[in-house]
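Structural characterization, general
What follows is each chain in one-letter form.
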Amino acid sequence: MQKKPRFLLAERGRYFYQRKVPQHLQTVLGRKKWRAPLGADFDEACDRLKDLRREHDALIAKLEDPDARQDAKTTTRRQAEVAQYAAWDADELAYETAQHTKGETTETEDYLEWEAAALASGEIEPEAPHERAARWIAAIEHERNNPNKRVLHPYPMDDDEYCDRLTAIFAENFGPDAPAPPSAPEDRDEYDATKLKLERKIARVARNPHTVSKVAESFFRFAEVKAKTEHKYRRTINRLIEDIGDVPVNQVTSRMLRDYRDKLLARGLLPASVHAEFAPIKGLFNYAADEEIIEDAPPYL
């Protein structure tokens, strides 16, 4: 009897590819499993299954990279938002249609009509770019600080999403296609101040290209160590990252490294083994200093 391949599911005479998404990637990809029809022919189903397995094996391997994982999470979030906005638009259109059938208008339509008339008469002034930006920033700050009340995403807003939203606000209000800045001196001062404030917020949460893991990859390429040695070094650096986080190398302090050393000793490692554990760590930070990524390696090293 022919053995059924892994991830092949038979239901009512047809075959399906069904595979659980690794738990740590479910939020990233926005799904708990992959499922696809493979047809009724066993051999053809197996051929298609092999293609899907290779595709998803490659995707899982790719998402081990923190940046690729974060990019995928951002893409998933944006797609979910587009779908949700489309659903809301459809609901709004259905509501408007029902109101028009009864010969009535919606509250939104009444407000927009009033706003257009008030702008035309000078009763109110158009919202300046920096005023709109400030209002949007406040809304994003509120959403970031109140994760349990988020409408689209129940989980907390991470730095990447926060940066993504702030960047969109910047492009809309201060980018090349944004409305012209105000000409009045006082308004221009507020415009410049809001723009600078937004730029600083974005800079604080933008991805740092020099995290420990990224500098480690450059260090491995530079050192040109043998594959077996690189594998050993990689395990060592990954253990360090598990302890201190994948932070920018310029944020790693001597105290953090001393604490890590003490933890290793407390786990029963001999001093000689701890010294060996720190060999690639020293190499990484010396490399970062030589490349002027940091001013100097932490003194403990």
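Residues numbered from 1 in each chain as written. Predicted model: local features only at pLDDT ≥ 70, side-chain atom pairs only at ≥ 80, totals over all residues. Heavy atoms only, no water.

Attention shifts here to the pairing of strand β1 (residues 8-11). Alignment of β1 against strand β2 (residues 14-20), held across four bridges, turns out to be antiparallel. The residue bridging Ala10 from the neighbouring strand is Tyr15, located in β2. The hairpin formed by β1 and β2 contains two residues between the paired strands, and Arg12 there has a positive phi angle of roughly 50 degrees. (Pairing = 2+ DSSP bridges. Helix = DSSP H or I, 4+ residues; strand = E, 2+ residues; numbered from the N terminus.)

Across all of its chains, the model carries 25 salt bridges by this definition. Between Asp192 and Arg188 there is a salt bridge whose closest N-O contact spans 3.1 Å. Here Asp192 and its partner Arg188 are both found in helix α7 (residues 185-205), four residues apart, which amounts to about one turn of the helix. We classify Asp192 as partly exposed; its relative accessible area is 36%. (Salt bridge = Lys/Arg side-chain N within 4 Å of Asp/Glu carboxyl O. Buried < 20%, exposed > 50% of the residue type's maximum accessible area, 1.4 Å probe, protein only.)

Note on placement: Arg19 falls in strand β2. With relative accessibility at 9%, the residue Arg19 sits in the buried group. A polar contact is formed between the side chain of Arg19 and the side chain of Asp57, at a distance of 2.6 Å. If sequence neighbours within four positions are ignored, Arg19 has contacts with Phe7, Lys33, Trp34, Arg53, His56, Asp57 and Ile60. (Polar contact = N/O pair within 3.5 Å; in protein donor to acceptor, adjacent residues only side chain to side chain. Contact = heavy atoms within 4.5 Å.)

Our next topic: the packing of helix α8 (residues 212-223) against helix α9 (residues 227-244). It is at 11 Å that the axes of α8 and α9 come closest, and there the two elements cross at 165 degrees. By the angle class used here, α8 and α9 are roughly antiparallel. In the crossing of α8 with α9, the sense of the turn from one axis to the other is right-handed. When α8 is examined against α9, the residues Val212, Ser213, Ala216, Glu217, Phe219 and Phe220 are found in contact with a partner set consisting of Glu230, Tyr233, Arg234, Ile237 and Ile241. Residue composition of the contact of α8 with α9, grouped by class: seven nonpolar, one polar and three charged. (Axes fitted to C-alpha atoms, helices over the stretch in contact; angles between N-to-C directions. Parallel < 35°, antiparallel > 145°, perpendicular 65-115°, else oblique. Left-handed = near helix turned anticlockwise from the far one by under 90°. Nonpolar A, V, L, I, M, F, W, Y, C, P; charged D, E, K, R; others polar.)

Even without being a glycine, Phe7 presents a positive backbone phi close to 75 degrees. Position of Phe7 among the secondary structure elements: in the segment before β1. A positive phi angle, near 50 degrees, is found at Glu224, a position not held by glycine. Along the chain, Glu224 turns up in the loop between α8 and α9.

It is worth spelling out helix α11 (residues 271-290) at this point. Taking 1.5 Å per residue, 20 residues should reach 28 Å; α11 reaches 28 Å between its end C-alpha atoms and fits that length. At Phe278, α11 shows its maximal kink, close to 30 degrees; a proline, Pro280, follows between one and four residues later. Within α11, the full set of buried residues consists of Val274, Glu277, Phe278, Pro280, Ile281, Gly283, Leu284, Phe285, Tyr287 and Ala288. In this structure, the buried side of α11 is in contact with α8, α9 and α10 (254-266). (Expected span 1.5 Å × (residues − 1). Bend = angle between axes of the 7 residues up to and from the residue.)

Let us look at the packing of aromatic side chains. Counting across every chain of the model gives 10 aromatic pairs. On the numbers, 5.6 Å between centres and 70 degrees between planes, the contact of Tyr15 with Phe42 is edge-to-face. Here Tyr15 is found in strand β2, whereas its partner Phe42 is found in helix α2 (residues 42-62), with 27 residues between them in sequence. Across the pair, Phe42 and Tyr15 agree in class, each one buried. Judged by centre distance (6.0 Å) and plane angle (50 degrees), the rings of Tyr260 and Phe278 are tilted. A residue pair is termed long-range when its members are at least 10 positions apart, and Tyr260 in helix α10 and Phe278 in helix α11 qualify at 18 residues. Given the relative accessible area of 0%, Tyr260 is considered buried. (Phe/Tyr/Trp six-rings, centres within 6.5 Å; stacked < 30°, edge-to-face > 60°.)

Turning our attention to the sheet that holds β2. The three strands lie next to each other as β1-β2-β3, forming an open sheet whose pairing is antiparallel. On the outer flanks of this sheet lie β1 and β3 (33-39), each paired with one strand and no other. Averaged over all pairs of adjacent strands, the angle between strand axes in this sheet comes to 30 degrees, irrespective of strand direction.

Turning next to the environment of Thr105. By the element assignment, Thr105 lies in the loop between α3 (66-101) and α4 (107-121). Here Thr105 falls in the partly exposed class, since its relative accessible area comes to 43%. In the structure, Thr105 is positioned 144 residues away from Val249 in sequence and 59 Å away in space, judged by C-alpha atoms. Not counting chain neighbours up to four residues away, the residues in contact with Thr105 comprise Gln99 and Asp110. For Thr105, the side chain forms a polar contact with the side chain of Asp110, separated by 2.6 Å.

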